[in-house]
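# Coordinate inspection notes
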Amino acid sequence: MTTISPTSVSMYDFLYQDTQPIVSLLADAAALSIPQARRATTASLQAIVSALLAYHQRHSSQAVSKKLFGRSAIKDLRQHNAMSFETIKSALYHRHDVTDTLFLDSATIEQACSRIADEIDASPIKVNTLLTSLCVIAIRELAILSEYSQLDSEELDKWFALQSQFLAAARFDHTLEHKNNVPADLAVSNTEVVQAEIVRTEIVTTNNISPFDSYWYQLTGFDSTQVHPVQDMQQATPNYLKAIGRSAQNIQRDQHDDLLMFEPMSAIALPHQRWLLQLAKIADIYLSRNRLQIASEPASAPTPPLVNLALLGGSLDSAQAISADSTASFKSYPLWKNPVIWITLAVIAILSVLAMIKYQAKQADPRTSVTQKVVQKDKRESAQQQEVIEEISNNAEH
């Protein structure tokens, strides 16, 4: 059984870990010290994620895909496959375009910059440079993650609906998390509790992610009370949950050792759907590559991460144990998303069009028909001459 953290599908957690290597570049661009830039980056990410959730709430996943992820500024920035001064220069060029689209208005951006500036004791102008530059980079990273995971509009809506629970205060209550992870029927000594708390503290320190400030909800206009994560009851059948490891008690160890499932986490509830597990795994692979680490531009663009389908759907033996109803509930990969099929169809269409054009051109060209008639006439005359010659030869012999 392969487990994965639920925070792998958290936009805030993903961006927080993803952008750590570029704090020094942001500090240089905004003329801030490293400690100031680090605190400003965390606060700016909270403002950006909150603004993105509010944007999705006001519009839809289609608007997010087309007006944010598909924006020309994001496409231009995605041409850079490594973080360097050139990448930051491109981000500085496009920063106002993306930020103005994401946030409600310029007054909201100014209020966000003023609040962050007060926290780090810096001027709002410097914070504005960092916030707006980080905004275009963050949207670029989420656009890449969404494309690599091949999320459609419906899956984007579900992904956004899950985000508010990752920002809730209960999620950052690590004491509550530890208590919830202790089995009720297990007698634990005080020494064991202390040791467990030490381990928990080390994990928290390693992740080092700051709790989310609900002020950003008020500023950006995001209403978390209106968010209701969509539960697909068809995919919540007992057989399906057993097949993908939703319940650890129902797992047959000899058949499901290679499956992927989310680790339990207090205040976090995730549906174990194939697209979400794939998104989580790809996010982990993406972060492991340190794509935002300062480096020279590679010779070729890095390939998208691949996920072993056996981790999502199980082995052949386990698949045979699933009933027909639960098998039908699996979300199959749509053929229209396969780029090979589209390329093949495009080649066939192009060749067909070229053949049709060539045929019509031959039919429409008068020189072609005249030439064909001349050739046919020459052939007939040659045949007649040959017949005359043969007849004369025969008479001469007689």
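Bear in mind the structure is a predicted one, so any value in this text is a computation, not a measurement. (Residues numbered from 1 in each chain as written. Predicted model: local features only at pLDDT ≥ 70, side-chain atom pairs only at ≥ 80, totals over all residues. Heavy atoms only, no water.)

## Some words on the packing of helix α7 (residues 106-120) against helix α8 (residues 124-149)
Following both chains from N to C, one finds α7 and α8 inclined at 110°, their axes separated by 8 Å at the closest point. In terms of orientation, α7 lies roughly perpendicular with respect to α8. Considering how the two elements wind past one another, α7 and α8 form a crossing that is right-handed. Where α7 abuts α8, its residues Ile109, Ala112, Cys113, Ser114, Ile116, Ala117 and Ile120 lie against Pro124, Val127, Asn128 and Leu131. Its residues assigned to classes, the contact of α7 with α8 comprises nine nonpolar, two polar and no charged. (Axes fitted to C-alpha atoms, helices over the stretch in contact; angles between N-to-C directions. Helix = DSSP H or I, 4+ residues; strand = E, 2+ residues; numbered from the N terminus. Parallel < 35°, antiparallel > 145°, perpendicular 65-115°, else oblique. Left-handed = near helix turned anticlockwise from the far one by under 90°. Contact = heavy atoms within 4.5 Å. Nonpolar A, V, L, I, M, F, W, Y, C, P; charged D, E, K, R; others polar.)

## Focus on helix α9 (residues 153-161)
The periodicity of an α-helix, 3.6 residues per turn, causes residues three or four places apart in sequence to face the same way. Those residues of α9 not exposed but buried are Glu155, Leu156, Lys158, Trp159, Phe160 and Ala161. In this structure, the buried side of α9 is in contact with α1 (11-18), α3 (34-58), α4 (61-69), α8, α10 (163-167) and α15 (274-288). With a side-chain oxygen positioned 3.3 Å from the backbone nitrogen of Glu154, the residue opening α9 is Asp152. (Buried < 20%, exposed > 50% of the residue type's maximum accessible area, 1.4 Å probe, protein only. Polar contact = N/O pair within 3.5 Å; in protein donor to acceptor, adjacent residues only side chain to side chain.)

## Structural notes on a nonpolar patch on the surface
There is a patch of nonpolar side chains on the surface, built from Ile343, Val347, Ile350, Leu351, Val353, Leu354 and Ile357 and spanning about 680 Å² of accessible area. The topology assignment puts Ile343 in helix α19 (residues 339-364). We classify Ile343 as exposed; its relative accessible area is 55%. (Patch = residues over 30% accessible without salt bridge, like charges linked within 9 Å, V, L, I, M, F, W, Y side chains within 5 Å. Areas by Shrake-Rupley, 256 points an atom, 1.4 Å probe, with all protein chains shown as cover. Salt bridge = Lys/Arg side-chain N within 4 Å of Asp/Glu carboxyl O.)

## Re the packing of α4 against α9
Closest axis-to-axis distance for the α4/α9 pair is 8 Å, and the angle between their directions is 95°. Taken as axis vectors, α4 and α9 run roughly perpendicular relative to one another. Here Ser61, Gln62, Val64, Ser65 and Phe69 of α4 come into contact with α9, specifically with Ser153, Leu156, Asp157 and Phe160. In terms of residue class, the contact of α4 with α9 is made up of four nonpolar, four polar and one charged.

## Topic: the confidence of the model for the chain
Confidence along the chain averages 79 in pLDDT terms, with 73% of residues attaining 70 or more. Across residues 175-206, where pLDDT falls below 50, the model places 14 contacts with residues more than four positions away in sequence or in other chains. Considering only residues more than four positions removed or in separate chains, one finds that residues 233-243, a stretch of pLDDT under 50, has 25 contacts. (pLDDT = per-residue confidence, 0-100.)

## Some points on the pattern of salt bridges
A full pass over the atoms with the stated rule returns seven salt bridges. The partner of Asp213 in a salt bridge is Arg115, with the nearest N and O atoms 2.9 Å apart. Taken together, the residues span a long stretch of sequence, with Asp213 in the loop between α12 (190-207) and α13 (215-220) and Arg115 in helix α7 at a distance of 98 residues. Judged by its relative accessible area of 26%, Asp213 falls in the partly exposed class.

## Let's talk about the nonpolar core
Ranked by internal contacts, the top residues of the largest apolar core, which has 93 residues, are Val9, Leu102, Ile137 and Trp159. No other element matches α8, which puts 14 residues into this core. Among all residues touching Ile137, those that are not within four sequence positions of it are Ile22, Leu77, Met83, Ile88, Ala91 and Leu292. (Core = buried A, V, L, I, M, F, W, Y, C linked by side-chain atoms within 4.5 Å.)

## A few points about the side chain of Thr99
Within the secondary structure, Thr99 sits in helix α6 (residues 85-102). The exposure class of Thr99 is buried, given its relative accessible area of 0%. Ignoring sequence-local partners within four residues, the contact set of Thr99 consists of Ile109, Thr132 and Cys135.

## Examining the packing of aromatic side chains
The geometry of an aromatic ring pair is captured by two quantities: the separation of the ring centres and the angle between the planes. For the structure on display, the rule yields eight aromatic pairs. Among the aromatic side chains, those forming a connected cluster through ring pairs are Tyr12, Tyr16, Phe212, Tyr217 and Phe222. Positioned above the aromatic ring of Tyr215 is the side chain of Arg115, whose terminal nitrogen or guanidinium carbon lies 3.8 Å from the ring centre. (Phe/Tyr/Trp six-rings, centres within 6.5 Å; stacked < 30°, edge-to-face > 60°. Lys NZ or Arg CZ within 6 Å of the ring centre and 35° of its normal.)

## Looking at unusual backbone geometry
A positive phi angle is found at Asp121, which is not glycine, with a value near 60°. Turning to its location among the elements, Asp121 is positioned in the loop between α7 and α8. On the accessibility criterion, Asp121 (68% relative accessible area) is exposed. A positive phi angle, close to 55°, is found at Gln150, a residue other than glycine. With a relative accessible area of 32%, Gln150 lands in the partly exposed category.

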